[in-house]
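Letter by letter, the chains look like this.
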Amino acid sequence: MEKFLPTYDSTLFDLKTQNLDDIINNMCQAELIHEIMFIFSLVPIAFSIYFGDLYIFVLTSIVALMFELCFIIV
């Protein structure tokens, strides 16, 4: 599996060292983190109030949303 998807620590998802319950738990934790980051990627739009340039902040937020969405879909 680690040759197809990038992971921070591939040993957490290794069937040789982890049992299935631990792998499912680790997958759920990783999914939750990516969903939280998906929501937090909208936070920079609030900074456009102080710094201006709304278009830049919206563009970077959309890019961050799309990046996190790739991991959520997988």
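So, a few notes on the structure that sits alongside this text. (Residues numbered from 1 in each chain as written. Predicted model: local features only at pLDDT ≥ 70, side-chain atom pairs only at ≥ 80, totals over all residues. Heavy atoms only, no water.)

## Here's the deal with the overall build of the protein
Looking only at helices and strands, the protein has three helices and zero strands in total. When the helices and strands of the protein are listed from N to C terminus, the series reads α-α-α. Relative to the 2.2 N^0.38 estimate, which gives 11 Å for 74 residues, the radius of gyration of the protein is 16 Å and therefore markedly larger than a compact globule would have. Long-range contacts, defined as pairs at least 24 residues apart, comprise 34% of the intrachain contacts of the protein with a sequence gap of at least 6. Here the protein has roughly 6,200 Å² of accessible surface; of this, 73% comes from carbon and sulfur atoms. (Helix = DSSP H or I, 4+ residues; strand = E, 2+ residues; numbered from the N terminus. Rg over C-alpha atoms; globule rule 2.2 N^0.38 Å. Contact = heavy atoms within 4.5 Å. Areas by Shrake-Rupley, 256 points an atom, 1.4 Å probe, with all protein chains shown as cover.)

## Overview of the packing of helix 2 (residues 44-51) against helix 3 (residues 54-73)
The contact between helix 2 and helix 3 brings their axes to 8 Å, and the two run at 165°. When the axes of helix 2 and helix 3 are compared, the pair comes out roughly antiparallel. Two packed elements cross with a definite hand, and for helix 2 against helix 3 that hand is right-handed. The residues of helix 3 that touch helix 2, namely those facing P44, I45, F47, S48 and F51, are L54, F57, V58 and S61. Counted by class, the contact of helix 2 with helix 3 contains seven nonpolar, two polar and no charged residues. (Axes fitted to C-alpha atoms, helices over the stretch in contact; angles between N-to-C directions. Parallel < 35°, antiparallel > 145°, perpendicular 65-115°, else oblique. Left-handed = near helix turned anticlockwise from the far one by under 90°. Nonpolar A, V, L, I, M, F, W, Y, C, P; charged D, E, K, R; others polar.)

## A closer look at unusual backbone geometry
The phi angle at D53 is positive, at roughly 50°, despite the residue not being glycine. Structurally, D53 can be placed in the loop between helix 2 and helix 3.

Read these as geometric descriptors, not functional statements.
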